[in-house]
Number of protein chains: 2
Amino acid sequence: MTTLQPINIIGAGLAGSLMSVYMAQKGYPVNIYERRSDPRTKGYLGGRSINLALSVRGMYALQETGMLDEVMEFAIPMYGRMLHDTEGQLTFQAYSRNKEECIYSVSRGKLNIALMNLAESMPEVNYYFDHRCDEIDLASGKLHMTDTVSGKEFTVEQKASLACDGAFSAVRYAMQKTPRFDYSQEYLAYGYKELTIPPGPNGEFQMEREALHIWPRGNYMMIALPNPDGSFTCTLFFPYEGEKSFAALDTDERIMAFFEAEFGDAVPLIPNLLEEYHQNPTSSLVTIRCYPWTLEDKVALIGDASHAIVPFFGQGMNAAFEDCAVMSECIDAYAPDWHTVFDTYQKLRKENADAIADMALENFIEMRDTVADEEFLFRKKVEFMLGRTFEQYKSRYELVSFSRIPYAEAYQRGVTNLEILKELTVGATSLEDINLEKAEALIQAHIG
Amino acid sequence: MTTLQPINIIGAGLAGSLMSVYMAQKGYPVNIYERRSDPRTKGYLGGRSINLALSVRGMYALQETGMLDEVMEFAIPMYGRMLHDTEGQLTFQAYSRNKEECIYSVSRGKLNIALMNLAESMPEVNYYFDHRCDEIDLASGKLHMTDTVSGKEFTVEQKASLACDGAFSAVRYAMQKTPRFDYSQEYLAYGYKELTIPPGPNGEFQMEREALHIWPRGNYMMIALPNPDGSFTCTLFFPYEGEKSFAALDTDERIMAFFEAEFGDAVPLIPNLLEEYHQNPTSSLVTIRCYPWTLEDKVALIGDASHAIVPFFGQGMNAAFEDCAVMSECIDAYAPDWHTVFDTYQKLRKENADAIADMALENFIEMRDTVADEEFLFRKKVEFMLGRTFEQYKSRYELVSFSRIPYAEAYQRGVTNLEILKELTVGATSLEDINLEKAEALIQAHIG
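Please read all numbers here as calculations on a predicted model, not as lab measurements.

**Details of the overall build of chain A**
Here's step 1: Check the secondary structure of chain A and you find 15 helices and 19 strands.
Here's step 2: In terms of overall size, chain A behaves like a compact globule, its C-alpha atoms giving a radius of gyration of 23 Å where 448 residues would be expected to give roughly 22 Å.
Here's step 3: Excluding contacts between residues fewer than 6 apart, the proportion of contacts in chain A whose partners are at least 24 apart in sequence is 70%.
Here's step 4: Taken together, the 40 basic and 65 acidic charged side chains of chain A have centroids lying 3 Å from each other.

**Structural notes on the pairing of strand E16 (residues 232-239) of chain B**
Residues and elements named next belong to chain B.
Here's step 1: Taken across its eight residues, E16 has eight buried, putting it largely inside the fold.
Here's step 2: Burial of E16 is two-sided: the residues Phe232, Cys234, Leu236 and Phe238 facing one way and the residues Thr233, Thr235, Phe237 and Pro239 facing the other way are all buried.
Here's step 3: Of the strand pairs in this sheet, strand E13 (residues 182-197) and E16 are connected by eight bridges, and their pairing is antiparallel. Bridging from a neighbouring strand, Glu194 pairs with Thr235 of E16.
Here's step 4: The pairing of strand E15 (residues 221-226) with E16 spans six bridges and is classified as antiparallel.

**Side note on the relation of the copies chain B and chain A**
Here's step 1: Of the two same-sequence chains, chain B is brought onto chain A (RMSD 0.0 Å, axial shift 0.0 Å) by a rotation of 180°. Interpreted geometrically, this transformation is the action of a two-fold axis. Residues of chain B ranked by C-alpha distance from the rotation axis are headed by Ser184(B), positioned 1.9 Å from it.

**Here's the deal with helix H1 (residues 14-25) of chain A**
Residues spaced three or four apart along an α-helix point in a common direction, a consequence of the helix completing one turn every 3.6 residues.
Residues and elements named next belong to chain A.
Here's step 1: In a regular helix each residue adds 1.5 Å, so twelve residues correspond to 16 Å; H1 covers 17 Å between its end C-alpha atoms and thus fits that length.
Here's step 2: Extensive coverage of H1 is indicated by the burial of eleven of its twelve residues.
Here's step 3: If you check which residues of H1 are buried, you get Leu14, Ala15, Gly16, Ser17, Leu18, Met19, Ser20, Val21, Tyr22, Met23 and Ala24.
Here's step 4: Note on H1: the residue one or two positions beyond its end, Gly27, has a positive phi of about 100°.

**A closer look at the environment of Pro336(A)**
Here's step 1: Structurally, Pro336(A) is set in the loop between helix H10 (316-334) and helix H11 (338-369).
Here's step 2: With 298 residues separating them in the primary sequence, Pro336(A) and Asp38(A) have C-alpha atoms 31 Å apart.

**Quick word on the sheet that holds strand E9 (residues 131-137) of chain A**
Residue and element names in this part refer to chain A.
Here's step 1: As summarised here, the arrangement of the three strands in space is E9-E10-E11, forming an open sheet in which the pairing is antiparallel. The outermost strands of the open sheet, each flanked by one partner alone, are E9 and strand E11 (153-156). Strand-to-strand twist in this sheet, taken as the mean axis angle between neighbours without regard to direction, amounts to 25°.
Here's step 2: Across six bridges, E9 lies against strand E10 (residues 142-147) in antiparallel orientation. Pairing of Asp137 across the sheet is with Lys142, part of E10.

**A closer look at the nonpolar core**
Here's step 1: Of all hydrophobic cores here, the largest spans 158 residues; its most connected members are Met19(A) and Met19(B).
Here's step 2: Excluding its chain neighbours within four sequence positions, the residues that come into contact with Met19(B) are Ile9(B), Leu162(B), Cys164(B), Ile302(B), Cys324(B), Met327(B), Ser328(B) and Ile331(B).

**So, the pattern of salt bridges**
Here's step 1: Applying the stated criterion across every chain yields a total of 46 salt bridges over all chains.
Here's step 2: Put simply, Lys26(A) and Asp332(A) hold a salt bridge, and the shortest N to O gap is 2.9 Å. You can see Lys26(A) sitting in the loop between H1 and strand E2 (30-33) and its partner Asp332(A) sitting in helix H10, a full 306 residues away along the chain.
Here's step 3: Lys26(A) gets classed as partly exposed once you look at its relative accessible area, which sits at 22%.
Here's step 4: Using a relative accessible area of 56% as the deciding quantity, one classes Asp332(A) as exposed.
Here's step 5: Put simply, Glu366(B) and Arg81(B) hold a salt bridge, and the shortest N to O gap is 3.2 Å. Here Glu366(B) is found in helix H11 (residues 338-369), whereas its partner Arg81(B) is found in strand E5 (residues 80-84), with 285 residues between them in sequence.
Here's step 6: Connected through salt bridges with shared partners, the residues Arg57(A), Glu322(A), Asp323(A) and Arg349(A) form a single ionic network.

**Looking at the interface of chain B and chain A**
Here's step 1: The partner chain A presents 15 residues to the 14 residues of chain B that form the contact.
Here's step 2: Summed over both partners, the interface of chain B with chain A comes to about 1,500 Å²; 45% of that surface belongs to carbon and sulfur atoms.
Here's step 3: Scanning the region where chain B abuts chain A turns up zero salt bridges.
Here's step 4: Scanning the region where chain B abuts chain A turns up nine residue pairs in polar contact (both at pLDDT 80 or more).
Here's step 5: At the level of elements, helix H6 (170-176) and E13 of chain B are the ones that each hand at least two residues to the side of chain B that touches chain A.
Here's step 6: Broken down by element, the side of chain B that touches chain A gets its largest block of residues, seven residues, from E13(B).
Here's step 7: Looking at side-chain class alone, the side of chain B that touches chain A contains six nonpolar, four polar and four charged residues.
Here's step 8: Pairing analysis gives three bridges linking strand E13 (residues 182-197) of chain A to E13(B), with the strands arranged antiparallel. From the neighbouring strand, Tyr183(A) faces E13(B), where its bridge partner is Gln185(B).

**Comments concerning the sheet that holds strand E19 (residues 299-301) of chain B**
Residue and element names in this part refer to chain B.
Here's step 1: Strand order in this open sheet of six strands is E8-E2-E1-E12-E19-E18, and the pairing throughout is mixed. Single-partner strands in this sheet number two, and they are strand E8 (125-128) and strand E18 (294-295).
Here's step 2: Relative to strand E12 (residues 161-163), strand E1 (residues 7-10) runs parallel, the two sharing three bridges. Bridge assignment links Asn8 to a residue of E12, and that residue is Ser161.

**Re the packing of helix H3 (residues 56-64) of chain A against H10(A)**
Pairs of packed helices are described in terms of their axes, by the angle between the two and the distance that separates them.
All names here are of chain A.
Here's step 1: Orientation of H3 relative to H10, taken along the N-to-C sense of each, is 45°, at an axis distance of 7 Å. Judged on the interaxial angle alone, H10 and H3 are oblique. Our pair here, H3 against H10, has a crossing hand that is left-handed. Side by side, H3 and H10 meet where Arg57, Gly58, Tyr60, Ala61, Leu62 and Glu64 of the first sit next to Asn318, Phe321, Glu322, Ala325 and Glu329 of the second.

**Quick look at the packing of aromatic side chains**
Here's step 1: This model, assessed by the stated rule, comprises 51 aromatic pairs over all chains.
Here's step 2: When the ring of Tyr183(A) is compared with that of Tyr183(B), the centres are 6.0 Å apart and the planes differ by 40°; the resulting orientation is tilted. Linking Tyr183(A) in strand E13 with Tyr183(B) in strand E13, this pair reaches from one chain into another. Just as Tyr183(A) is buried, Tyr183(B) falls in that class too.
Here's step 3: Ring-pair connections join several aromatic residues into one group, and the members of that group are Tyr220(A), Phe238(A), Tyr240(A), Phe246(A), Phe258(A), Phe259(A), Phe263(A) and Tyr277(A).
Here's step 4: Lying across the ring of Tyr173(B), Arg172(B) places its NZ or CZ 5.5 Å from the centre.
Here's step 5: In this structure, Lys193(B) packs its charged tip against the face of Tyr277(B), placed 4.9 Å from the ring centre.

**A look at helix H12 (residues 374-389) of chain A**
Residues and elements named next belong to chain A.
Here's step 1: Taking 1.5 Å of rise per residue, the 16 residues of H12 would be expected to cover 22 Å, and the 23 Å separating its terminal C-alpha atoms lies within 8% of that figure.
Here's step 2: When H12 is considered as a whole, its buried residues turn out to be Phe378, Arg379, Val382, Glu383, Met385, Leu386 and Gly387.
Here's step 3: The elements touched by buried residues of H12 are helix H14 (407-425) and helix H15 (436-446).

About the criteria used
- Residues numbered from 1 in each chain as written.
- Chains lettered and ligands numbered in written order.
- Predicted model: local features only at pLDDT ≥ 70, side-chain atom pairs only at ≥ 80, totals over all residues.
- Heavy atoms only, no water.
- Helix = DSSP H or I, 4+ residues; strand = E, 2+ residues; numbered from the N terminus.
- Rg over C-alpha atoms; globule rule 2.2 N^0.38 Å.
- Contact = heavy atoms within 4.5 Å.
- Lys, Arg positive; Asp, Glu negative; His and termini not counted.
- Charge placed at Lys NZ, Arg CZ, Asp CG, Glu CD.
- Buried < 20%, exposed > 50% of the residue type's maximum accessible area, 1.4 Å probe, protein only.
- Pairing = 2+ DSSP bridges.
- Least-squares fit on C-alpha atoms with pLDDT ≥ 70 in both.
- Expected span 1.5 Å × (residues − 1).
- Axes fitted to C-alpha atoms, helices over the stretch in contact; angles between N-to-C directions.
- Core = buried A, V, L, I, M, F, W, Y, C linked by side-chain atoms within 4.5 Å.
- Salt bridge = Lys/Arg side-chain N within 4 Å of Asp/Glu carboxyl O.
- Buried area = accessible area lost by both parts, 1.4 Å probe.
- Polar contact = N/O pair within 3.5 Å; in protein donor to acceptor, adjacent residues only side chain to side chain.
- Nonpolar A, V, L, I, M, F, W, Y, C, P; charged D, E, K, R; others polar.
- Parallel < 35°, antiparallel > 145°, perpendicular 65-115°, else oblique.
- Left-handed = near helix turned anticlockwise from the far one by under 90°.
- Phe/Tyr/Trp six-rings, centres within 6.5 Å; stacked < 30°, edge-to-face > 60°.
- Lys NZ or Arg CZ within 6 Å of the ring centre and 35° of its normal.

The following block contains the structure:
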């Protein structure tokens, strides 16, 4: 029996914890370093969104690592968008023609802890909490670490390292100063703030449980996702500056007047609105891109460290988990040639990460503007009809959320879909005006 | 008489040294910190291109600070491009209809030292060489410095600071980690390498002296600029990878065969070609963009620190000097309200920096592809004719190099010019086919 080399994982968030399970299941000794304290003893300090949308790509990786059943126990299916207008009128838009195709609301903290519990139960995995990676010496691959409890500094000599240290990755900051490293961080002019709709008096959900709720209002919006305890977590996505903005809501009166006018049906459901509005942080929304993601046989960036995206397609965690699954395949194919493992991984993932970053930005416009654009709504209706009528027609949303075809391919299919829809809807004002023979011919020609 | 507060300048390169002169002339005490040694005693270690193209924007700032006459003594005018084909045939393309409109080849080292000498002669200015800025504490504006000779570390308590510390600015790296700071660094897939054509046996120039020489070869090129000693500095801009690339020229035979085939007329003039090819570094080409450029009343980024660009429009130094001139105007208008000084400066400069960054990237394509595209060459001819015929018609090159209209406006005028040229050249194959009445009408309508 050969002894496999130990692997360093930096960051015990979602990607790092899942990756540690993948590695341990292959038999690698894993040392996983996390700068925060153990969330199971000290409480979960994410500083990030409370719940996440899990879909097929993430579920695939959880299935591979044997985690899916456990996660499904606290996951709530969401079958579509429930749109709330300013009068409180509701419109439901299903995500798919197939009733079983849905996305799941899961708690970030619960999911992370479930992954940690599994990883820590494996003899190969050693967790080091309160351990900060200060720097990576890219010439040698050595990690400079600080145990933030004892203050002790030490060096990890062993490569290879998998950097799962998030959007503000210390490893990536070091790589940024290496020759010919392309990098960008771009912030939206929007921030987000979380608010809570608690369960009703008998623990019941106070709105439709199995939907992602959206209050689309043109250039901003609020959404809400269900939690297993009967509550919903609302998130307001709102400009930092301008006439209607975080900056403009500078008194309690203005905050309440704004919420009453725009999200009137939600206000009675958010009892601590003002308190939460003042206490909860306004968080920023960033897209981070870089390349290369790896350095020789020394280090690879995984998840947000390599491609932080905005949350509007619900794909941040799913994309990170797909990274882990692809890395796992590359290891099976090429380890212990880590240079080839890492290079194959980054070449497989880069264009797909760029594609989901672009789609996430585009989806913000779709979500917040949904009610405003008649043409868009009509095209959605036609698209839904095409999906029901022609098996091979799938919307971009379905391809991203309910399939594992590469994101870059889903992006291209979205472009093709739009061309087909534009051609079919010329001069049409209702579904009866759509020529289904022409639709079939177009789908046959462009999708096959 | 009021006492003005001391100002910190970080970096004593071209922008930092010029800015120190501007500040001292306004009466501000200036402490200027440079991590390198004094180039006047230790030799100039630029690690950057040897000569630069100086044009109207840079000259304006030198004029304002009283430096222009001294610089002109070692500047060599270049009136146009001298194109070299593979057979050694020469074609001259003038930069302007006006004989007096030219750009100047100047030595980076000489220019920097001339600026340092002037600054140091002023009682307000204190130079600190071998002083590295390790970090800026953005909450307080304090600078953490190391005297690299003594090893002593100390803190500069005083704001305001002007960060002229170049493309790899330590100050900007600190700002990058602040909330909502947009940042990108993008490398070309090309590197550059410098080679030397020495003076002839009697100190004479071995090619036309008053031109910028170009060997355009499709997807790569070599250029040469004259130096006062009779030499030329050649720069090869060449892909890192691929069939014809730095990577592919892996033996002396391949290097010589490539130069003989592509730059045959230059080879006899570069006696130490192989030696220089091996010894001189292959340098990278980066575009850096960021925003904001300033933080409250604490710090402002100037020059390459805020907008490093590729060298193909010869505007890197000119843009940096224009930053200094604009900062000077903002100080005259708003100091000691440094918050307003800095905010006005960044709002005036950002779109112009983006425009010259884009134009510099586009000009690479123009320079390296010049000979290949018949349509492009014909349009150039028509453009030159329009310039001679209509006073108000100016090419984008003229607007960038021979005027001080904002870069963003020059960019837009370039778009307008192209529309006019496209319309005029439809179906035309020679200058006789161009309808001058139509030209006049188009110019009147679009430029006025």
